[in-house]
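Coordinates in review
The lines below spell out each chain.
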Amino acid sequence: LATPRHPDFKLPGCDRIDGRSSAITAAFLKAITPVVHPTAAEVDEALQLLGMVRGRCRCAYCGDACTEWDHLRPVVVGRLPSGYITEIANLVPSCGKCNQSKGNSHWRTWMLGPAARSPATRHVPDLALRVDRLAAYERWREPIRVDVAAVVGSDLWTRYTTMLDQAVRYLVESQQLAAELRSLTQAAASGTRSAGATFQA
Ligand SMILES: [Zn+2]
């Protein structure tokens, strides 16, 4: 399909249903990730390690305004739990741009790599200093790790991963039907322009 290009125009996203598969997988694994709430003193210490003070928290990766805390080491690796959890030794302040761009990559590879909107790609100032601080942060404490499959036992783990597989398969099947439906709506839309309105309320 030839698409006319115009500098001011951007087509809204036409998402595929199965394009949500990795988000669903992440949701399944994050839903069982344990959480250890930090004390205020621990958050202060974390900020200090990253060269910040209370009330002036910025994204540790790029220095933009902080909007969330991101898992420094990914919680999900290759559709499986990495074992790292939600706790202060594994969380750093982040902006939404960095959090989304980083995904499940290793923080250093991503920061210095060519990913869209990575700090290197965005030519973030003080990049080496930021990397050094995050490396120090990584050495700060031994991160808690939980062997999820071992802790819950093989019966529950198999039930849960089967459920996840079913959810993903359902998305794929739904997308196949969606493609069929779209070819019909697309044909109707093309017919409308040339042969007059066909929609009847
Ligand atoms: Zn950022």
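Relevant structure appears above.
Every chain begins its residue count from 1, and numbering advances along the sequence as written. Totals for whole chains, interfaces and linings use every residue, but because this is a predicted model, local features are given only for residues with pLDDT of at least 70 and side-chain atom pairs only at 80 or more, for both listing and counting. Water and hydrogen atoms play no part in the side-chain values, which are based on all heavy atoms of the structure.

What follows concerns the packing of helix 2 (residues 40-49) against helix 5 (residues 127-140). Axis lines are fitted through C-alpha atoms, for helices just across the contact stretch, and the angle between N-to-C directions can take any value from 0 to 180 degrees. For the purposes of this entry, the term helix denotes a DSSP run of H or I that reaches at least four residues, the term strand denotes a run of E that reaches at least two, and both are numbered from the N terminus. At their nearest, the axes of helix 2 and helix 5 sit 9 Å apart, and the two run at 145° to each other. Between helix 2, through Glu42, Glu45, Ala46 and Leu49, and helix 5, the contact on the second element is made entirely by Arg133, Tyr137 and Trp140. Here a residue-residue contact requires only that any non-hydrogen atoms of the pair lie within 4.5 Å.

Moving on: the environment of glutamate 87. Relative to the elements of secondary structure, glutamate 87 occurs in the loop between strand 3 (80-81) and strand 4 (91-94). With 57 residues separating them along the chain, glutamate 87 and isoleucine 144 place their C-alpha atoms 7.8 Å apart. A distance of 2.9 Å separates a polar side-chain atom of glutamate 87 from the backbone nitrogen of isoleucine 144. Any pair of N or O atoms that falls within 3.5 Å is considered a polar contact. Within protein, one atom must be able to donate a hydrogen and the other to accept it, and sequence-neighbouring residues count only if both atoms are side-chain atoms.

Another point: the coordination of the zinc ion. A 2.8 Å cut-off from the metal defines N, O and S donors, relaxed to 3.2 Å for Na, K and Ca; water is not in the atom list, so some sites may appear incomplete. For the zinc ion, the full set of protein donor atoms is Cys59 (SG), Cys62 (SG), Cys95 (SG) and Cys98 (SG), at a range of 2.3 Å. For four-coordinate sites, all angles between 85 and 135 degrees define a tetrahedron; for four- and six-coordinate sites, opposite donors beyond 155 degrees with the remaining angles between 65 and 115 define square planar and octahedral shapes respectively, and all other cases count as irregular. The coordination sphere of the zinc ion comprises four donor atoms, whose angles at the metal cover 104 to 116°; the geometry is tetrahedral. Linear spacing of the donor residues for the zinc ion on their chain is C-x2-C-x32-C-x2-C. In this pair, cysteine 62 is assigned in the loop between helix 2 and strand 1 (68-71) and cysteine 95 in the loop between strand 4 and helix 3 (96-102), connecting sequence segments 33 residues apart.

The next subject is the pattern of salt bridges. When their charged atoms lie close together, side chains carrying opposite charge are able to pair. Salt bridge, as used here, is a side-chain nitrogen of Lys or Arg placed within 4 Å of a carboxyl oxygen of Asp or Glu. Per the counting criterion, the structure on display carries seven salt bridges. Between arginine 141 and glutamate 42 there is a salt bridge whose closest N-O contact spans 3.0 Å. Within this pair, whereas arginine 141 is found in the loop between helix 5 and helix 6 (148-152), its partner glutamate 42 is found in helix 2, the two being separated by 99 residues in sequence. Residue lysine 102 pairs with aspartate 70 through a salt bridge whose shortest N-O separation is 3.0 Å. Of this pair, lysine 102 sits in helix 3 while aspartate 70 sits in strand 1, and the two are 32 residues apart along the sequence. Each member of the pair, lysine 102 as well as aspartate 70, carries the same accessibility label: buried. Connected through salt bridges with shared partners, the residues Asp64, Lys97 and Arg122 form a single ionic network. Only protein chains enter the accessibility calculation, which uses a 1.4 Å probe. A residue is then buried if its area is under 20% of the maximum for its type, exposed if over 50%, and partly exposed in between.

Here we come to the side chain of glutamate 42. At a separation of 2.9 Å, a polar atom in the side chain of glutamate 42 contacts the main-chain amide nitrogen of threonine 39. The residues contacting glutamate 42, other than those within four sequence positions of it, are His37, Ile88, Trp140 and Arg141.

Glancing now at a nonpolar patch on the surface. Without a salt bridge and with relative accessible area above 30%, a residue can belong to a patch; like charges are then joined within 9 Å and nonpolar side chains (Val, Leu, Ile, Met, Phe, Trp, Tyr) within 5 Å. To be clear on the numbers: accessible area is Shrake-Rupley with a 1.4 Å probe, and residue cover counts the displayed protein chains and nothing else. A grouping of Val151, Val152 and Leu156 is seen on the molecular surface, where their side chains present a nonpolar patch of about 270 Å² in accessible area. Here valine 152 falls in the partly exposed class, since its relative accessible area comes to 37%.

Right, let's talk about the packing of aromatic side chains for a bit. For Phe, Tyr and Trp, where Trp contributes only its six-membered ring, two rings pair if their centres lie within 6.5 Å, and the inter-plane angle classes them as stacked under 30 degrees, edge-to-face over 60, or tilted in between. Tallying each qualifying case throughout the model produces four aromatic pairs. When the ring of tyrosine 137 is compared with that of tryptophan 140, the centres are 5.2 Å apart and the planes differ by 55°; the resulting orientation is tilted. One end of the pair, tyrosine 137, and the other, tryptophan 140, are both in helix 5, three residues apart, so they sit about a helical turn from each other. Accessibility classification places tyrosine 137 together with tryptophan 140 in one group, the buried group. An aromatic cluster of three or more residues is present, and its members are Phe28, Trp157 and Tyr160. In this analysis the charged atom, NZ for Lys or CZ for Arg, is taken to sit over a ring once it is within 6 Å of the ring centre and within 35 degrees of the ring normal. Above the plane of the ring of tyrosine 84 lies arginine 73, whose end atom (NZ or CZ) is 5.5 Å from the centre.

Helix length check: helix 5 (14 residues) gives 20 Å between terminal C-alpha atoms against 20 Å at 1.5 Å per residue, within 8%. Leu127, Arg130, Val131, Leu134, Ala135, Tyr137 and Trp140 are the residues of helix 5 that are buried. In this structure, the buried side of helix 5 is in contact with helix 2, strand 1, strand 4 and helix 4 (107-112). To estimate the expected span of a helix, subtract one from its residue number and multiply by 1.5 Å.

Backbone geometry places arginine 117, a non-glycine residue, at a positive phi of 65°. Relative to the assigned elements, arginine 117 resides in the loop between helix 4 and helix 5. For arginine 117, a relative accessible area of 47% corresponds to the partly exposed category. Even without being glycine, histidine 123 reaches a positive phi, approximately 50°. With respect to the secondary-structure elements, histidine 123 resides in the loop between helix 4 and helix 5.

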